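Chains, contacts and geometry: an overview
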Amino acid sequence: MSRAVTAFPADPPPQAVPRTVLGIETSCDETAAAVVRLPPGGAVEILSSIVLSQTADHAPYGGVVPEIAARAHVESIDAIVGRALADAGVKPAALDAIAATAGPGLVGGVMVGLSFGKAMALALGKPLIAVNHLEGHAVSARLTAEVPYPFLLLLVSGGHCQLLEVAGIGACRRLGSTIDDAAGEAFDKIGGALGLSYPAGPALERLAAGGDPARFPLPRALAGRAGCDFSFSGLKTAAARLAAGLTDDAGRRDLAAAVQGAIARQLAERTGRAMAIYDAAHGGRDRRLVAAGGVAANGAVRAALATLASARGFAFAVPPLKYCTDNAAMIALAGAERLAAGLTDGLDVAARPRWPLDEAAALARPTHVPGRKGAKA
Ligand code: KG4
Ligand code: ZN
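Rules of the game
Residues numbered from 1 in each chain as written. Chains lettered and ligands numbered in written order. Predicted model: local features only at pLDDT ≥ 70, side-chain atom pairs only at ≥ 80, totals over all residues. Heavy atoms only, no water. Pairing = 2+ DSSP bridges. Helix = DSSP H or I, 4+ residues; strand = E, 2+ residues; numbered from the N terminus. Axes fitted to C-alpha atoms, helices over the stretch in contact; angles between N-to-C directions. Contact = heavy atoms within 4.5 Å. Phe/Tyr/Trp six-rings, centres within 6.5 Å; stacked < 30°, edge-to-face > 60°. Buried < 20%, exposed > 50% of the residue type's maximum accessible area, 1.4 Å probe, protein only. Lys NZ or Arg CZ within 6 Å of the ring centre and 35° of its normal. Expected span 1.5 Å × (residues − 1). Bend = angle between axes of the 7 residues up to and from the residue. Near = heavy atom within 4 Å. Polar contact = N/O pair within 3.5 Å; in protein donor to acceptor, adjacent residues only side chain to side chain. Areas by Shrake-Rupley, 256 points an atom, 1.4 Å probe, with all protein chains shown as cover. Nonpolar A, V, L, I, M, F, W, Y, C, P; charged D, E, K, R; others polar. Disulfide = S-S within 2.5 Å. Donors = N, O, S within 2.8 Å, 3.2 Å for Na, K, Ca; no water. Tetrahedral: all angles 85-135°; square planar, octahedral: opposite > 155°, others 65-115°. Left-handed = near helix turned anticlockwise from the far one by under 90°. Parallel < 35°, antiparallel > 145°, perpendicular 65-115°, else oblique.

Our focus in this paragraph is the sheet that holds strand S7 (residues 161–168). Pairing within the open sheet is mixed, and its 5 strands lie in the order S8-S7-S6-S9-S10. Strand pairing shows two members of the sheet lacking a second neighbour, strand S8 (171–177) and strand S10 (315–317), which therefore form its edges. Across the sheet, the mean angle from the axis of one strand to that of its neighbour is 25°, orientation sign disregarded. In the sheet, strand S9 (residues 288–292) pairs with S10 via 3 bridges, with the strands oriented parallel. For Val 290, the partnering residue across the bridge sits in S10 and is Ala 317. Seen against the sheet, helix H8 (residues 249–282) touches strand S6 (151–156), S7, S8 and S9 and runs at an angle of roughly 155° to S6. Strands S6, S9 and S10 of the sheet are contacted by helix H9 (residues 299–312), whose axis makes an angle of about 160° with S10.

What follows concerns the packing of aromatic side chains. Using the criterion set out here, one finds 3 aromatic pairs in the structure. Arranged with centres 5.5 Å apart and planes meeting at 15°, the rings of Tyr 149 and Phe 151 form a pair that is stacked. Take Tyr 149: its relative accessible area is 6%, and that puts it in the buried class. For the ring pair Phe 230 and Phe 232, a centre distance of 6.3 Å and an interplane angle of 15° mean the geometry is stacked. Seen from the ring of Tyr 149, Arg 142 lies directly overhead, with NZ or CZ sitting 3.8 Å from the centre.

As a further point, take helix H2 (residues 66–88). Its 23 residues give H2 an end-to-end C-alpha distance of 30 Å, which sits within 8% of 33 Å, the value for a rise of 1.5 Å per residue. The largest bend in H2 is about 50°, located at Ser 76. The complete set of buried residues in H2 reads Ala 69, Ala 70, Ala 72, His 73, Ser 76, Ile 77, Ile 80, Val 81, Ala 84, Leu 85 and Ala 88. Buried positions along H2 lie against strand S1 (19–25), strand S2 (30–38), strand S3 (45–53), helix H1 (55–58) and helix H3 (107–124). Just past H2, the residue Gly 89 takes up positive phi, approximately 70°.

Let us look at the site of ligand 1. Neighbouring ligand 1 are 20 residues; Gly 158, Asp 188, Glu 205, Gly 294 and Asp 326 lie closest to it. Within the backbone of Gly 294, one N or O atom sits 3.0 Å away from an oxygen atom of ligand 1. Separating a nitrogen atom of ligand 1 from a side-chain N or O atom of Asn 298 is a distance of 3.0 Å. Coverage of ligand 1 by the protein chains reaches 89% of its 550 Å² of free accessible surface. Of all the secondary-structure elements, those providing two or more residues to the shell around ligand 1 are helix H4 (133–139), helix H5 (183–193) and helix H6 (201–208). Here the shell around ligand 1 is composed, by residue class, of 6 nonpolar, 11 polar and 3 charged.

Let us look at the state of the cysteines. On inspection of all chains with the given rule, the structure shows 0 disulfides. Just so you know, Cys 161 is unpaired, no disulfide at all, and the nearest cysteine sulfur is the one on Cys 228, 10 Å from it. Looking at the unpaired Cys 324, the closest cysteine sulfur is the one in Cys 161, lying at 14 Å. For Cys 324, a relative accessible area of 0% corresponds to the buried category.

Taken together, His 133 (NE2), His 137 (NE2) and Asp 326 (OD) make up the full set of protein donors to the zinc ion (ligand 2), lying 2.0 to 2.1 Å away. The coordination sphere of the zinc ion (ligand 2) comprises 4 donor atoms, whose angles at the metal cover 95 to 140°; the geometry is irregular. Donor residues for the zinc ion (ligand 2) sit on one chain with the sequence pattern H-x3-H-x188-D. Pair noted here: His 133 is in helix H4 and Asp 326 is in the loop between helix H10 (321–324) and helix H11 (329–340), with a separation of 193 residues, a long-range link.

This next bit is on the sheet that holds S2. Hydrogen bonds between backbone atoms are what pair the strands of a sheet, whose relative direction is either parallel or antiparallel. Read across the open sheet, the 5 strands follow the order S3-S2-S1-S4-S5; overall the sheet is mixed. The strands lining the two open edges of the sheet, one partner per strand, are S3 and strand S5 (128–132). In this sheet, adjacent strand axes meet at a mean angle of 20° when their direction is disregarded. As defined by bridge partners, S1 adjoins S2 across 7 bridges and the pair is classed as antiparallel. Bridge pairing in S2 links Arg 19 to Leu 38.

The next thing to look at is the packing of H6 against H8. Axis angle and axis distance: for two packed helices, these are the angle between their axes and the distance between the axes, and together they describe the pair. Where H6 contacts H8, the axes come no closer than 8 Å and their chain directions differ by 115°. The element H6 and its partner H8 pack so that their crossing is left-handed. Residue-level inspection shows Leu 204, Glu 205, Leu 207 and Ala 208 of H6 in contact with H8, the latter providing Arg 252, Arg 253, Ala 256, Ala 257, Val 259 and Gln 260. Looking at the contact of H6 with H8 residue by residue, the classes come out as 6 nonpolar, 1 polar and 3 charged.

This part takes up the packing of H5 against helix H7 (residues 233–244). Where H5 contacts H7, the axes come no closer than 8 Å and their chain directions differ by 15°. Taken as axis vectors, H5 and H7 run roughly parallel relative to one another. The handedness of the crossing between H5 and H7 comes out as right-handed. Every residue of H7 that contacts H5 at Lys 189, Ile 190 and Ala 193 is listed here: Leu 235, Lys 236, Ala 239, Ala 240 and Ala 243. Each residue belonging to the contact of H5 with H7 can be placed in one class, and the counts come to 6 nonpolar, no polar and 2 charged.

Turning to its location among the elements, Ser 157 is positioned in the loop between S6 and S7. Separated by 192 residues in sequence, Ser 157 and Val 349 place their C-alpha atoms 25 Å apart. With residues near it in sequence (within four places) discarded, Ser 157 still touches Ala 182, Ala 183, Gly 184, Glu 185, Gly 293, Gly 294 and Val 295.

Taken by themselves, the reported measurements are silent on function.
What follows is the structure in structure tokens.
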């Protein structure tokens, strides 16, 4: 059956049998594979989850080098998938489907994982599911907690910063998006200006621990402005300028704390506005907020969102740290939910460097100029 993107049921229909799905993730700088089991009506079982980070390969360059990433995926995909199956104690023939990230991301890397998934699906005679990496993040909180659809999602990663209403698998409505940089990009670039190595988010969080967030006043982009879009480029420029003038460690700690506070504050303020839009659409029911993506691993961000959620009467779910950052368990779960809903893909499905979750909104209201690869987010 070919892919359709609208009008799916709010929750996967009941299944007669558990679905055991292999997930493959190669869209950026982690080669990852996982096996997830989705029992009918029961809790998700993560049978294995292997993540091989390429951070050390890219560190000398201060960012991810696409050719190095693609080559590193080619070199390790075989072993990583083998280990995921072995750790799970699942023979390939026992799988119900193969799910692989088909975008968005660095296309050379995406092609490695997707081609590997296609080859396995063809050889085993199993269905292939081409998963949107962002949909993986969207379901990631469902890996370890009961989070029914619908919910409000704050998706904050290295390349994306969006608020979405998630009505079900394959049914996302974009409420807001960054008009310039993603929050993770701001953490990485400002961290770089503070002398931290890429990806700088976790290191900036550690540096901020002893700092005084009040010492450096930073711009508050879009504060109080209608809608729930984000902007981080003004903060990035101001913080990079301040970082260049710093000579002492105490100053670096204070600036890191101020930056982290400013990012957490903006994320919470804009999410608060999205809650009002979500409430209007749901008559005040189904009040659930989910945060996902690498930046949701940040303690200050989690705390700001937890405070907001409790003040507004929303339940709050955020995955454990290892499922916030890129992993294949979330891809396997998105695949299992798609399989349960009857959504599989042909072997001719293409890798997509750009693939917005809400394609209609991305085309109608682009927040970035759509390039020749299509709308960005
Ligand atoms: O979701 P992810 O692993 O990959 C993408 O799909 O982009 O997110 C990576 C991003 C990076 O920008 C990284 O610096 C940021 O998440 N990140 C953090 C933390 N852990 C990861 N940012 C702030 N604090 C953290 N603890
Ligand atoms: Zn990601």
